[in-house]
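# An overview of the molecular structure
What follows is each chain in one-letter form.
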Amino acid sequence: MTSTPNATNWTGALRRSAERALPPEKLLPESQPSYVASWIYVFGALTMAALGIIIATGFVLAIMGPTWWHHSSTGHFINSMHLWSVELFFAFMVIHLWGKFFMAAWRGNRVLTWASGVVTFVISIATAFTGYLSQTNYDSQWIATQAKDGINATGGGALFNVLNFGQMLMWHITLLPLGVGILVVLHVLLVRHRGVVPPFAETKDGAK
Amino acid sequence: MTKAPKRFNPDRDVAPWTGPMRRYDIAKEVTICFLVVAVLTVGLAVVFSSPDDKAVTLQQWASATPVDFATTAIAELDGTSGTAGYGGPYNTASPGQSILGVSPSTIIGVHIPVDAAKDFVLSPVAALPDDPLAQQALRSYRSATSTQRATWDAAYETAIASQAASYRDGHLVVPLGNYGPVGVIVNALTQMARSGALDATMLTEQRFFSTDFTKPLLFLSDGNYLANKAAIDHLQGDQWGMMNETGSWPGQAWLWLYTMWYQVPGLSTSPNADLQVWAIMMVLTVVLACIPLIPGLRSIPRWTRVYRLIWRAHYAAKP
Ligand code: HEM
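Definitions and limits used
- Residues numbered from 1 in each chain as written.
- Chains lettered and ligands numbered in written order.
- Predicted model: local features only at pLDDT ≥ 70, side-chain atom pairs only at ≥ 80, totals over all residues.
- Heavy atoms only, no water.
- Helix = DSSP H or I, 4+ residues; strand = E, 2+ residues; numbered from the N terminus.
- Rg over C-alpha atoms; globule rule 2.2 N^0.38 Å.
- Buried < 20%, exposed > 50% of the residue type's maximum accessible area, 1.4 Å probe, protein only.
- Areas by Shrake-Rupley, 256 points an atom, 1.4 Å probe, with all protein chains shown as cover.
- Lys, Arg positive; Asp, Glu negative; His and termini not counted.
- Charge placed at Lys NZ, Arg CZ, Asp CG, Glu CD.
- Salt bridge = Lys/Arg side-chain N within 4 Å of Asp/Glu carboxyl O.
- Polar contact = N/O pair within 3.5 Å; in protein donor to acceptor, adjacent residues only side chain to side chain.
- Core = buried A, V, L, I, M, F, W, Y, C linked by side-chain atoms within 4.5 Å.
- Domains from an automatic or database assignment.
- Contact = heavy atoms within 4.5 Å.
- Patch = residues over 30% accessible without salt bridge, like charges linked within 9 Å, V, L, I, M, F, W, Y side chains within 5 Å.
- Near = heavy atom within 4 Å.
- Nonpolar A, V, L, I, M, F, W, Y, C, P; charged D, E, K, R; others polar.
- Buried area = accessible area lost by both parts, 1.4 Å probe.
- Pairing = 2+ DSSP bridges.
- Phe/Tyr/Trp six-rings, centres within 6.5 Å; stacked < 30°, edge-to-face > 60°.
- Expected span 1.5 Å × (residues − 1).

### Topic: the overall build of chain B
On a plain count of helices and strands, chain B comes out with 16 helices and three strands. On C-alpha atoms alone, chain B measures out to a radius of gyration of 29 Å, which is more than a quarter above the 20 Å that the 2.2 N^0.38 rule sets for 319 residues. Projected onto its principal axes, the C-alpha coordinates of chain B cover approximately 95 × 55 × 40 Å. Counting every position in chain B, which comprises 319 residues, the buried fraction comes to 40%. Accessible area for chain B stands at about 17200 Å²; split by element, carbon and sulfur atoms hold 64% of it. One finds the centroid of the 23 positive side-chain charges in chain B at a distance of 21 Å from the centroid of its 24 negative side-chain charges.

### Some words on the pattern of salt bridges
All names here are of chain B. All chains considered together, the criterion is met by seven salt bridges over all chains. For Arg302, the salt bridge identified is with Asp11, shortest N-O distance 2.7 Å. Of this pair, Arg302 sits in helix α14 (residues 300-304) while Asp11 sits in the segment before β1 (21-23), and the two are 291 residues apart along the sequence. Put simply, Asp119 and Lys215 hold a salt bridge, and the shortest N to O gap is 3.4 Å. Taken as a pair, Asp119 in helix α5 (residues 116-126) and Lys215 in helix α10 (residues 214-222) lie far apart in primary sequence, 96 residues in all. Asp119 gets classed as buried once you look at its relative accessible area, which sits at 6%.

### Focus on the side chain of B:Ser270
Residue and element names in this part refer to chain B. With respect to the element layout, Ser270 can be found in the loop between α12 (256-261) and α13 (273-290). On the accessibility criterion, Ser270 (18% relative accessible area) is buried. In terms of polar contacts, Ser270 uses its side chain to reach the side chain of Gln276, at 2.8 Å.

### Structural notes on the nonpolar core
Core analysis: the biggest nonpolar cluster contains 117 residues, and A:Tyr41, A:Phe90, B:Tyr156, B:Val182, B:Leu198, B:Phe219 and B:Trp311 have the highest contact counts within it. Broken down by element, this core gets its largest block of residues, 11 residues, from helix α5 (residues 73-102) of chain A. Both domains that furnish three or more residues to this core are identified here as domain 1 (58-232) and domain 2 (264-319) of chain B. Once you skip the residues sitting within four places of it in the chain, B:Leu198 turns out to touch B:Leu58, B:Phe69, B:Pro124, B:Leu189, B:Met192, B:Ala193 and B:Phe219. One finds B:Trp261, B:Leu267, B:Ala273 and B:Val277 within the second-largest nonpolar core, a separate group that totals seven residues.

### As for a nonpolar patch on the surface
A cluster of nonpolar side chains, namely A:Leu27, A:Leu28, A:Val185 and A:Leu189, defines an oily patch on the protein surface of about 340 Å² accessible area. Tracing the chain through its elements places A:Val185 in helix α8 (residues 165-194).

### Considering the site of the ligand
All names here are of chain A. Every one of the 24 residues lining the ligand counts as a neighbour, but Tyr41, His96, Lys100, Gly117 and His187 are closest to it. Here an oxygen atom of the ligand sits 3.1 Å away from a polar atom, N or O, in the main chain of Tyr41. At 3.5 Å from an oxygen atom of the ligand is found a side-chain nitrogen or oxygen belonging to Arg110. When contributions to the shell around the ligand are tallied by element, the ones reaching two or more residues are α3 (42-64), α5, α6 (111-133) and α8. Counting residues per element, the shell around the ligand draws most heavily on α6, which supplies six residues. Taken together, the residues of the shell around the ligand sort by class into 14 nonpolar, eight polar and two charged.

### Brief notes about the interface of chain B and chain A
Between chain B and chain A, the contact holds 94 residues from the first and 88 residues from the second. Between chain B and chain A, the buried area comes to about 8000 Å², and carbon and sulfur atoms account for 69% of it. Connecting chain B to chain A are zero salt bridges. There are 28 residue pairs in polar contact (both at pLDDT 80 or more) connecting chain B and chain A. Top contributing element to the side of chain B that touches chain A by residue count: helix α1 (residues 26-48) of chain B, with 14 residues. Considering only residue class, the side of chain B that touches chain A consists of 58 nonpolar, 18 polar and 18 charged. In this structure, strand β1 (residues 31-33) of chain A lies alongside β1(B), joined through three bridges in antiparallel fashion. Looking at the pairing, A:Pro33 lines up with B:Met21 of β1(B).

### Structural notes on the domain arrangement of chain B
All names here are of chain B. Domain boundaries assigned for chain B yield domain 1 (58-232) and domain 2 (264-319). Listed as interface residues are five residues of domain 1 and, on the opposing side, seven residues of domain 2. Where domain 1 abuts domain 2, roughly 470 Å² becomes buried across the two surfaces, and 57% of that area is made up of carbon and sulfur atoms. Area buried by domain 1 at its contact with domain 2 is led by Gln97, Ser98 and Ile99, which between them contribute 92% of it. Taken together, the connections running from domain 1 to domain 2 amount to three residue pairs in polar contact (both at pLDDT 80 or more). In terms of residue class, the side of domain 1 that touches domain 2 is made up of three nonpolar, two polar and no charged.

### Remarks on the packing of aromatic side chains
All names here are of chain A. Counting across every chain of the model gives 26 aromatic pairs over all chains. Ring geometry for Trp98 against Phe101: centres 5.5 Å apart, planes inclined by 80°, an arrangement best described as edge-to-face. Taken together, the residues Trp98 and Phe101, both in helix α5 and three residues apart, mark about one turn of the helix. Judged by relative accessible area, Phe101 falls into the buried class, the value being 6%.

### Looking at α1(B)
The end-to-end C-alpha distance of α1(B) is 32 Å, a good match for the 33 Å that 23 residues give at a rise of 1.5 Å each. Those residues of α1(B) lying buried are B:Ile26, B:Glu29, B:Cys33, B:Val37, B:Thr41, B:Leu44 and B:Ala45. Among the structural elements, β1, α3, α5 and α8 of chain A are those in contact with the buried residues of α1(B). Looking one or two residues beyond α1(B), the residue adopting positive phi is B:Ser49, at roughly 55°.

### Considering the environment of B:Leu284
Residue and element names in this part refer to chain B. Turning to its location among the elements, Leu284 is positioned in helix α13. On the basis of relative accessible area, Leu284 is assigned to the partly exposed category, the value being 34%. Setting aside its immediate chain neighbours within four residues, Leu284 contacts Leu257 and Trp261.

Structure representation (structure tokens):
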């Protein structure tokens, strides 16, 4: 079809700008610059994979309800998987973060990629924290009564009441994971859009 | 007006890549990563499982340490407990923590009203209709002047603090004193807690369904039972507790920096520590997000040359 683009059609303009930003071969390329050859590049994908397992096991826990895992051995096992995938998720993410730091991977217009990573990190911490509050066991009681002082001191406790189990469960299973999910998609699309950051160009006397 | 092109800054800019490409299969990489992480997770879950210490109830607390429970109850009544003297968002009993003269919790005010004496002691006891003695005691306590009440409260506080205070034959036993009806009230509350009725009453205070544990948790945390259990598990703030878990499981290790500040002399004893630590962490988070824009910080990768290790194949291939 060779219709001339209609400059006033919002839908067409949206499609064209999306195509410009991320043409299919840029979104899912079959080759990468030769310098993309290090184990450190795997940690972004590993973080994503761990997030996938977290979400999958979280779905099972959500289907059965917040106290199921206390009295079902299957439930306890799913809970263990949920916990360990979270531990892996943070381990991978922190290695990824330091990797990107030492590659100065914000160079060449990639500041937003870096900043979206930091925001994802912070929201992930909040998600994990509300998860601990949603365990409905002694650990939740202790963490809630301890954490309230910090949040209350900032004034945030008026809105975000860590002693309110129902509220914390909602944050943990809807609002915060949604935030992490959206940010990760944005983050990865930004990476595809910009391409992988090249190494420092070196001259005889070191990086220029 | 045309802008002069910015000078090339190696910590901000890159030259476009014109070198060779190599085959790379993102979809395969992601799939393999997913399988590897799935196997790792199952393995860790099988080997290490996960901790699950049962929640503590008011019943357990009052049964295991009735004198600590009664000591906490009288502190709620006379306004000396942690919650009674807390400040925002629960009440106005304290100006709250402040930084540079500003106290955010005071500005925001009371949003989750908690009246420790009424919510933790008087209302629950009033919910015991079959205990005429307790109702009689409540009536005389409520009709007394505040000076009179304060005298009774103080007398009972002394009595329960005595070495001789104990729980015997279904009653709190304390030395005699001028505490009027307070002894009966605290005793009724303790018995109620030991029966389990207090757990139910505090949770369903306003309605049948409840998912809000604010009041029972505040009451529980005013006593020593919860904290003593935490100390055994190394969960206290001065034990880097935020990073730990019950048992020997790894906890929120990623909170190491946040919890570290509480160990720093000066902050570890500051009355405004919570707010100060939060402020430090917020500033540091903004700095982390803005590293790419901060001269000096953004040059660290180039100076440390760790990148030579990451891209060693690339640099080895270059003449
Ligand atoms: C849920 C958390 C995260 C996920 C799932 C994630 C995922 C990814 C993926 C798949 C890539 C491309 C592959 C790679 O280079 O590893 C990437 C690149 C990148 N990530 Fe993340 N990331 C996360 C968090 C972070 C954090 C915390 C930071 C730093 C503060 C960060 C900074 C970056 C940067 C700067 C790039 C671009 C690299 C380049 O151009 O070479 N990410 N991320």
